[in-house]
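# Structural features, examined
The residues making up each chain are set out below.
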Amino acid sequence: MRKPLIAGNWKMYKTVGEGVELVEALLRDLGDTHDREVLVCPPYTALHALSSLLQETPIMLGAQDVFYEAQGAFTGAIAPGMLKDVGCQYAIVGHSERRQIFGESDELINRKLRAALAAGLRPILCVGEIKPQRDAGQAEAVVVGQVKAGLAGVSASELLNTVIAYEPVWAIGTGDTATPADAQAMHATIRGTLAELYDQATADQIRIQYGGSVKPDNVDELMSQPDIDGALVGGASLKADSFLRIIQFR
Ligand code: 13P
């Protein structure tokens with residue numbers, strides 16, 4: 001049984017004080033989460049403060065990105081071990097904003113993912129097509145290619161610590177979410193790819209999150225799809241009431 005993972009990617013939002021306020025509000029009204037996992041991914045600057053606040057609570061902490069070297073002259077970069085040290089359990093890699101704005105390649109993302117795994121972090125590998133690729137009927141090929149390249153050199157036991165997030169780029173921040181049926185179809189394709197790369201039993205254990213305009217009013221239907229095992233939430237994770245409703249999907 002795959003335990004759904006509901007994650008908030010705060011992107012470049014929230015000061016330390018604002019982050020603390022949001023997490024305190026989440027903890028206050030979190031309710032029963034025994035059958036789901038909850039994760040917040042704040043900016044690096046808020047990780048330390050939130051790590052203390054989240055200790056002994058059901059909410060886990062993750063980073064939005066990670067570098068692949070353990071230390072060295074890499075101005076501006078953060079090492080996997082540093083994220084572990086500050087209390088992170090997860091790190092997002094390959095978010096479409098990293099791919100598009102920062103020009104990250106599949107190869108770089110794969111190095112980050114393997115470094116995260118080696119340090120004992122659980123990577124969330126983001127994949128997703130842009131609109132012209134979907135319109136041209138290339139969405140599946142693009143996503144399968146990103147999954148294969150992102151997981152190059154990853155063993156089956158490492159895969160068990162990896163989460164995939166399908167985030168169609170045209171659905172991010174647009175309010176234009178994929179239909180549950182379209183999302184399900186892509187998730188099934190991704191799981192089929194994992195079965196091909198590894199084996200069916202391994203593929204069946206891997207959580208595949210959907211991301212892209214997940215909101216309180218569409219989360220229940222998305223989460224009812226058999227291959228959707230969680231949500232990676234941007235905008236709606238920045239407010240306690242909307243993120244709590246998403247966490248409490250039915
Ligand atoms: P939105 O939920 O704001 O569309 O963002 C999705 C996302 O990019 C999460 O990583």
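Conventions adopted
Residues numbered from 1 in each chain as written. Predicted model: local features only at pLDDT ≥ 70, side-chain atom pairs only at ≥ 80, totals over all residues. Heavy atoms only, no water. Helix = DSSP H or I, 4+ residues; strand = E, 2+ residues; numbered from the N terminus. Buried < 20%, exposed > 50% of the residue type's maximum accessible area, 1.4 Å probe, protein only. Contact = heavy atoms within 4.5 Å. Lys, Arg positive; Asp, Glu negative; His and termini not counted. Charge placed at Lys NZ, Arg CZ, Asp CG, Glu CD. Near = heavy atom within 4 Å. Polar contact = N/O pair within 3.5 Å; in protein donor to acceptor, adjacent residues only side chain to side chain. Areas by Shrake-Rupley, 256 points an atom, 1.4 Å probe, with all protein chains shown as cover. Nonpolar A, V, L, I, M, F, W, Y, C, P; charged D, E, K, R; others polar. Expected span 1.5 Å × (residues − 1). Disulfide = S-S within 2.5 Å. Phe/Tyr/Trp six-rings, centres within 6.5 Å; stacked < 30°, edge-to-face > 60°. Core = buried A, V, L, I, M, F, W, Y, C linked by side-chain atoms within 4.5 Å. Salt bridge = Lys/Arg side-chain N within 4 Å of Asp/Glu carboxyl O.

## Quick notes on the overall build of the protein chain
- Looking only at helices and strands, the protein chain features twelve helices and eight strands.
- When the backbone C-alpha atoms are referred to their principal axes, the protein chain occupies close to 45 × 45 × 35 Å.
- With 250 residues in all, the protein chain has 54% of them scored as buried.
- The contacts in the protein chain between residues at least 6 apart in sequence include a share of 73% that link residues at least 24 apart.
- In the protein chain, 22 positive and 31 negative side-chain charges are present, and the distance between their average locations comes to 1 Å.

## Examining the site of the ligand
- Residues in close proximity to the ligand total 13 residues, the closest being Lys11, His95, Gly173, Ser213 and Gly235.
- Between an oxygen atom of the ligand and a main-chain N or O atom of Gly173, the distance comes to 2.6 Å.
- Coverage of the ligand by the protein chains reaches 97% of its 310 Å² of free accessible surface.
- Tallied by class, the residues present in the shell around the ligand amount to four nonpolar, seven polar and two charged.

## Digging into helix H5 (residues 106-118)
- Helix length check: H5, at 13 residues, gives a terminal C-alpha distance of 18 Å against a target of 18 Å (1.5 Å per residue), a fit within 8%.
- Along H5, the positions that sit buried rather than exposed are Ile109, Asn110, Lys112, Leu113, Ala115, Ala116 and Leu117.
- Looking at the packing, one finds that the buried side of H5 touches helix H3 (80-85), strand S4 (90-93), helix H4 (96-101), strand S5 (122-127), helix H7 (139-150) and helix H8 (156-159).
- Looking one or two residues beyond H5, the residue adopting positive phi is Gly120, at roughly 85°.

## Topic: the state of the cysteines
- Scanning the model with the defined rule gives zero disulfides in all.
- The closest cysteine sulfur to the non-disulfide-bonded Cys41 is located on Cys88, 7.8 Å from its own sulfur.

## Focus: the packing of aromatic side chains
- All chains considered together, the criterion is met by three aromatic pairs.
- Centroid distance Phe67 to Phe74: 5.1 Å. Interplanar angle 45°. Geometry classified as tilted.
- Residue class for Phe67 comes out buried when judged on its relative accessible area of 16%.
- On the basis of relative accessibility, which here comes to 32%, the residue Phe74 falls in the partly exposed class.

## Section: the side chain of Ser96
- Relative to the helices and strands, Ser96 is located in helix H4.
- When residues no more than four places from it in sequence are discounted, the contact partners of Ser96 are Ile101, Val169 and Ile172.

## A closer look at the nonpolar core
- Counting 65 residues, the largest nonpolar core has Val40, Leu151, Ile164, Ile190 and Tyr210 as the members making the most contacts within it.
- Once residues lying within four places of it in the same chain are set aside, the contact partners of Tyr210 are Tyr166, Pro168, Ala171, Thr177, Ala178, Ala183, His187, Leu222, Ile228, Gly230, Ala231 and Leu232.

## Some details on unusual backbone geometry
- Look at Lys11: it is not a glycine, yet its phi comes out positive at around 55°.
- Of note, the phi angle at Glu56 is positive, near 65°, even though the residue is not glycine.
- Its place among the elements puts Glu56 in the loop between helix H2 (44-54) and strand S3 (59-63).
- Glu56 gets classed as exposed once you look at its relative accessible area, which sits at 82%.

## A word on the pattern of salt bridges
- Going through the model one piece at a time under the given rule, you end up with 16 salt bridges.
- Close ionic contact of Asp229 with Arg2 constitutes a salt bridge, the shortest N to O distance being 2.9 Å. Here Arg2 lies in the segment before strand S1 (5-9) and Asp229 lies in the loop between helix H11 (219-223) and strand S8 (230-233), a separation of 227 residues in the sequence.
- Arg2 gets classed as buried once you look at its relative accessible area, which sits at 18%.
- One salt bridge in this structure joins Asp106 and Arg99, with 2.8 Å as the shortest N-O distance.
- A network of salt bridges, in which partner residues are shared, links Arg2, Arg191, Asp227 and Asp229.

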